[in-house]
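Survey of secondary and tertiary structure
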Amino acid sequence: MSTTPGPLLRADVCVVGAGPAGLTVAHELAGTGLRVLVLEAGPAAPPPGGVDVPSTRSVGLPYDPATTRSAGVGGSSLRWDIETPAGPDHVRLKELDPLDLEDRGARSGPGWPLTWDELAPHYRRARELFGLAPADPGRDAPVRGRLERRSYSFGRSAVFTTEVPALLAAHPHVTLLAGWTVTEAVPSPGGGQVARLRCWSEEHGATTVEARAYVLAGGGIENARLLLASRAGSPAGLGNDHDQVGRHFMEHPHYLAGVVVPSRGRDLTLASRRWDLVSRAGRPAQDKYALAPALVRRHGLLNAAYKVQLHTGATAPGFGHDGRVGQPVVDAYAALRAAVRLRDPSGVTPLELARLAAATPELARRAYRQVGAGRAGGAGRTVGHTSFRVRVMGEQEPSPSSRLTLAGTRDRLGVPEARLDWRLSETDVRSMVQGQHLVAEDLGSLLGGRVVTLLGRDGEPRPLGGAHHMGTTRMSTRPRDGVVDRDCRVHGVRNLFVAGSSVFPTGGAANPTLTVVALAARLARDLARESRRRPAARPPPPWRPPRQPPPRPPLSLRRRRSSPPRADRAGPAPPDPHPRPRPRRHPTARRPPA
């Protein structure tokens, strides 16, 4: 691999993006003898906390695409900031459940074209890269009624911000170039493969990259954006014959689902510690809870992970949060609030109005407490309270209307910017509400109290994202259902691959990082195997500065070829009186190359 940038770079494999996915591909290929080039648009040494990526604006649910990812070597790992007993800057790690890979009626479109057993060895390799032991299957087990425990591990951000980049920098077959932005992937005339990449750097300007295989590893937004913007072969973009690129954008909706009301005389502080971050065998770990897979299938729900979190609020508790009224009254109150907000009283039934009338004394007490708290606390201040809240990270249905498209604006390099329209479907909302009602009884029993569910008819839940960008180049068996095949190869483009969470057909209820690294390790294995069946790439040419043509004289000083020689200019030189004889060439001799 030529390490000096120039007008043409060649490699066996070119990886676009130096986040966890791209760095894993390069790391796993480093010992195969292949020459690997990694191009990263951000800086080689980004500041702590990462670098915002302002190429995309949100037009759907409230979301900030700039701060939920990062440019620079390390990529999204620069944003990992969980505090653990082993120190700061960690990320949650969890394998997908076998349930998450299935075709299920709750979701639109097919599931994964891979089985859990096919992913299992690559999950083990991903854990090795994080320095972790294989997962303990005994930790994920039934605990009470319809609940099952889900155990999470944690990985250090330094693996991808420091350690793997240092290993690659010292490897003779790997070149990592930071500050290099890929602006377009150019297909061959037939469109069956990528011929080259067009790139730009501030120092060297425009550059072309040629490789035997190309891997897009820029994240769930940039992977789709680059394919859509690569329109040399088709106005719809590269790999987008079936209008699938950018569709099925998924997040993990994070939302408040309920509060735990303790039984009389019960202290929930000790019981809630089962959700705390702890140290097991010297490694940070955490447990959450989920509905049993059989129940999820039976009710046609999406997966979700539940935890209880101690919360100290700065405002008075919500209506019903203190356990003074039952769940039916809380639901009736939510329905009334929705009717007022929507200006549609038809959403409240007579039975709910009767329940609210019976609870009028409690409503009056709540109003009095709120007004009194405001007066006692002064302007802008209220009396605080402590509660135990049920927090959920849910699965989202892969909906084609939740999508990324190109905007009408361009960035400073002329590449079209993107629009992100993140949406929830009716299935998402139904699963949030019904799942919380199903889990409430067993969760309250487990803690020694009862759970007041806050998801009801009070309009659509308003979740937050988890900075998990998934699905925009989803994996599928048939080209009309997705963008890449089961080997992460773009349908119809034989030397173009995609790494990262953009290939997820579904997101499950596990943080995506471990699956991202596992799929990247699997892709590297397949690329190494395929390279053994192909001839080696051409060696890169030595880089030289581009040849500049000599400056032309002004038009007034140029002499027309047809004009006669001027009288004041000397004529042709006289012939040499002693010419040297020219050597005779053999008739079959070849002229040396220029």
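Residues numbered from 1 in each chain as written. Predicted model: local features only at pLDDT ≥ 70, side-chain atom pairs only at ≥ 80, totals over all residues. Heavy atoms only, no water.

On to the confidence of the model for the protein, then. Per-residue confidence for the protein gives a mean pLDDT of 83, with 75% of residues at or over 70. Counting interchain partners and residues more than four positions distant, the pLDDT-below-50 stretch residues 539-548 has 13 contacts. Considering only residues more than four positions removed or in separate chains, one finds that residues 587-594, a stretch of pLDDT under 50, has 2 contacts. (pLDDT = per-residue confidence, 0-100. Contact = heavy atoms within 4.5 Å.)

Okay, the pairing of strand E11 (residues 205-216) next. Burial analysis of E11 places 9 of its 12 residues in the buried class, the great majority of the element. Relative to E11, strand E1 (residues 8-16) runs parallel, the two being bridged by 8 bridges. The partner of arginine 10 across the bridge, within E11, is glutamate 210. Relative to E11, strand E10 (residues 194-201) runs antiparallel, the two being bridged by 5 bridges. Considered in E11, the bridge of leucine 197 is made with valine 209. In textbook terms, the turn of a hairpin is the stretch between consecutive antiparallel strands, and for E10 and E11 this stretch comprises 3 residues. (Buried < 20%, exposed > 50% of the residue type's maximum accessible area, 1.4 Å probe, protein only. Helix = DSSP H or I, 4+ residues; strand = E, 2+ residues; numbered from the N terminus. Pairing = 2+ DSSP bridges.)

Moving on, we get to the sheet that holds strand E3 (residues 56-58). Strands sit in the order E3-E18-E17 across an open sheet of 3 strands; the sheet is mixed. Edge positions in the open sheet fall to E3 and strand E17 (403-410), since each of these has one partner strand only. Taken pair by pair, the neighbouring strands of this sheet meet at an average axis angle of 30°, ignoring direction. As paired strands, E17 and strand E18 (residues 416-421) are joined by 5 bridges and run antiparallel to one another. When the sheet's bridge partners are listed, arginine 403 is paired in E18 with aspartate 421. In the packing of helix H4 (residues 219-229) onto the sheet, contacts are made with E3, E17 and E18, and the angle to E17 comes to roughly 60°. (Axes fitted to C-alpha atoms, helices over the stretch in contact; angles between N-to-C directions.)

Before going further, it helps to examine the packing of aromatic side chains. The full count for this structure, using the stated rule, is 7 aromatic pairs. With centroids separated by 6.3 Å and ring planes inclined at 75°, the aromatic side chains of tyrosine 63 and phenylalanine 249 adopt a geometry described as edge-to-face. Within this pair, whereas tyrosine 63 is found in the loop between E3 and strand E4 (82-84), its partner phenylalanine 249 is found in the loop between H4 and strand E12 (254-262), the two being separated by 186 residues in sequence. Judged by centre distance (5.3 Å) and plane angle (65°), the ring pair of tyrosine 63 and tryptophan 422 falls under edge-to-face. Remark: tryptophan 422 occurs in the loop between E18 and helix H10 (426-447) and tyrosine 63 occurs in the loop between E3 and E4; sequence separation between them is 359 residues. The pair formed by tyrosine 63 and tryptophan 422 is uniform in burial state, with each residue classed as buried. Site record: aromatic cluster; members linked through ring pairs are Tyr63, Phe249 and Trp422. Between lysine 288 and the ring centre of tyrosine 152, over which it is positioned, the NZ or CZ distance is 5.1 Å. (Phe/Tyr/Trp six-rings, centres within 6.5 Å; stacked < 30°, edge-to-face > 60°. Lys NZ or Arg CZ within 6 Å of the ring centre and 35° of its normal.)

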